[in-house]
Amino acid sequence: MADAALRLKGLVEQLLGAPLPVRVRAWDGTEAGPPGAPVLVVRNRRALRRLLFKPGELGLARAWVAGDLDVDGDLYAALDALADLIWERGEDARTLGQALRDPEVRAAARGLLRLAGPPLPPAPPAEEMRRRRGHLHTRRTDKRAISHHYDVGNDFYELVLGPSMVYSCAYWPAPESAGGTLERAQRDKLELVSVKLGLQPGMRLLDVGCGWGSMAIHAAREHGVDVVGVTLSQEQAAYARKRVAEEGLTDRIEIRVQDYRDVTDGPFDAISSIGMAEHVGAEKYLQYARHLYALLKPGGRLLNHQIARRPQRDESAYDVDAFIDAYVFPDGELAPVGTTVTQLERAGFEVRDLESIREHYALTLRRWVANLEAGWDRATRLVSPGRARVWRLYMAASALAFEHNRIGVNQVLAVRTPESGTSGLPLRTRTWN
């Protein structure tokens, strides 16, 4: 079909009722759209079938992961240009259903169907997590979800995360240090957590969701504490144990494949939970908080490092992000930071400090994307082209979401304050410049 890009642009704009903010390159090599804008490459008509049969973010994600859609040029610029369509207009088969009552919109949809061709939509890419049935956040479903995300190969994570093997927000103490290495920033984050927890030699630390062992090793090596680290990922545990042995810390660190709900050998002097609570789920969060409270000694501290979303006017309308749920963190849920603080307080904790480090996560994610892009060929061999594309899109889009305050990340320091009221914290926990 001659000039597919021009026809595609016109039909999409008719369907959306707004100009397309990117340039389109179609499968026949033609282009249409604003000169100089990011280029969205529609490699084949199969991409249209994915979008038409699953409108919204999930259809876009399937086309991207399968390689039917691509971006020529700066991915961040393309995602920024499409932000209104992706985040503000949302998923929205419901919105589309309302729009289709308009005869012009129906005509545009019929035109896109003709342009897409007659075959049925292709199956979702193999990287997509199949929909689950039954209750969420049981021990079985949580283990399955964690395995989907983390058990894809430690070599791949080494490529993306770098030598620190820390899969959470790094910390740049001063603006000028943002040009420093990711490894130094991750070390500074681990030290920040250690200082907030007041770690001292001889203390006992529980690291919930210990990942590849970086926090456990830092705490034991730099602060002389004994550590129990728990994860649901077999691959993470094997890697962490190897690192612990290489550091000569097997007498100080125990790495377990264990659900946090099954940890019963408290009390601990301190608990770190870094990037784990997003997997807990709203229905289980109070149980999570109460269990950690019970595992702490009186006066013990919890450092809860957790991504947060913006609150909604109607919280009952919150839906998990379709792309993230299907391809990245199955069953993951984000809550507003106020909700997290409330649940910790309901469990008995005294919340003593909350630090937002939102901009730090944007810096971290951009470093991870750069690592992935620099090692792209190896990454696709280690996992699959589709999996590598999932990660590139997820991390780039997340960096922009943190930069534009669509999501944030917070470190909440909470204490199991005894009846005496003595928290053990200094009068001022932080000094403002």
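The shown structure was predicted, so the numbers you read here are calculated from the model rather than taken from an experiment.

Within the chain one finds 18 helices and eleven strands. By the burial criterion, 53% of the 433 residues in the chain qualify as buried. Here the analysis covers contacts within the chain between residues at least 6 apart in sequence; of these, 73% occur between residues at least 24 apart. Total accessible area on the chain is roughly 19,600 Å²; 52% of this is exposed by carbon and sulfur atoms.

Strand pairing within a sheet occurs via backbone hydrogen bonds; the two strands may be parallel or antiparallel. Here we have four strands laid out as an open sheet, ordered β2-β1-β3-β4, and mixed in their pairing. A single partner strand is all that each edge strand has here, and the edge strands are β2 (31–32) and β4 (69–72). Of the strand pairs in this sheet, strand β3 (residues 39–42) and β4 are connected by four bridges, and their pairing is antiparallel. From the neighbouring strand, L40 faces β4, where its bridge partner is V71.

A separate point is helix α15 (residues 337–346). Of all the positions in α15, only T340, V341, Q343 and L344 are classed as buried. Seen end-on, α15 carries its buried residues on one side only, within an arc spanning 165 degrees. Structurally, α15 contributes buried residues whose contacts are with α13 (285–295), β9 (296–309), β10 (350–356) and β11 (407–415). Just downstream of α15, G348 is the residue with a positive phi angle, here 115 degrees.

Ordered by their spatial adjacency, seven strands build an open sheet running β7-β6-β5-β8-β9-β11-β10, and the pairing between neighbours is mixed. At either margin of the open sheet sits one strand with a lone partner, and together these are β7 (253–257) and β10. When the angles between neighbouring strand axes are averaged without regard to direction, this sheet yields 15 degrees. Pairing analysis gives five bridges linking strand β6 (residues 226–231) to β7, with the strands arranged parallel.

The peptide bond linking G266 to P267 adopts the cis configuration, its omega dihedral lying at 5 degrees. You can see P267 is positioned in the loop between β7 and β8 (268–274). Positive phi, close to 50 degrees, is recorded for M165, a residue that is not glycine. Its place among the elements puts M165 in the loop between α9 (154–161) and α10 (182–197).

Summed over the entire model, instances satisfying the criterion amount to 15 aromatic pairs. An aromatic cluster is defined as three or more aromatic residues linked by ring pairs; in this entry it consists of F156, Y157, Y167, W212, Y361, W368, W391, Y394 and F402. A cation sits over an aromatic face here: R309 above Y318, 3.8 Å from the ring centre. Positioned above the aromatic ring of Y76 is the side chain of R366, whose terminal nitrogen or guanidinium carbon lies 3.9 Å from the ring centre.

Following the criterion strictly, the structure yields 27 salt bridges and no others. Where D265 meets R204, a salt bridge forms, and the shortest distance between an N and an O atom there is 3.0 Å. Residue D265 is located in the loop between β7 and β8, and its partner R204 is located in strand β5 (residues 204–208); the two are separated by 61 residues in the primary sequence. The partly exposed category is assigned to D265, whose relative accessible area is 25%. The partly exposed category is assigned to R204, whose relative accessible area is 26%. Among the ionic contacts, a cluster of salt bridges with common partners joins R23, R25, E31 and D72.

What follows deals with a positive patch on the surface. Taken together, R7, R106, R110 and R114 make up a surface patch of like positive charges. When residues in the positive patch are grouped by element, the largest group, three residues, is from helix α7 (residues 103–116). Mapped onto the fold, R7 is located in helix α1 (residues 4–16). Residue classification places R7 among the partly exposed residues on the basis of a relative accessible area of 30%.

Conventions used here
Residues numbered from 1 in each chain as written. Predicted model: local features only at pLDDT ≥ 70, side-chain atom pairs only at ≥ 80, totals over all residues. Heavy atoms only, no water. Helix = DSSP H or I, 4+ residues; strand = E, 2+ residues; numbered from the N terminus. Buried < 20%, exposed > 50% of the residue type's maximum accessible area, 1.4 Å probe, protein only. Contact = heavy atoms within 4.5 Å. Areas by Shrake-Rupley, 256 points an atom, 1.4 Å probe, with all protein chains shown as cover. Pairing = 2+ DSSP bridges. Arc of directions from axis to C-beta. Axes fitted to C-alpha atoms, helices over the stretch in contact; angles between N-to-C directions. Phe/Tyr/Trp six-rings, centres within 6.5 Å; stacked < 30°, edge-to-face > 60°. Lys NZ or Arg CZ within 6 Å of the ring centre and 35° of its normal. Salt bridge = Lys/Arg side-chain N within 4 Å of Asp/Glu carboxyl O. Patch = residues over 30% accessible without salt bridge, like charges linked within 9 Å, V, L, I, M, F, W, Y side chains within 5 Å. Lys, Arg positive; Asp, Glu negative; His and termini not counted. Charge placed at Lys NZ, Arg CZ, Asp CG, Glu CD.

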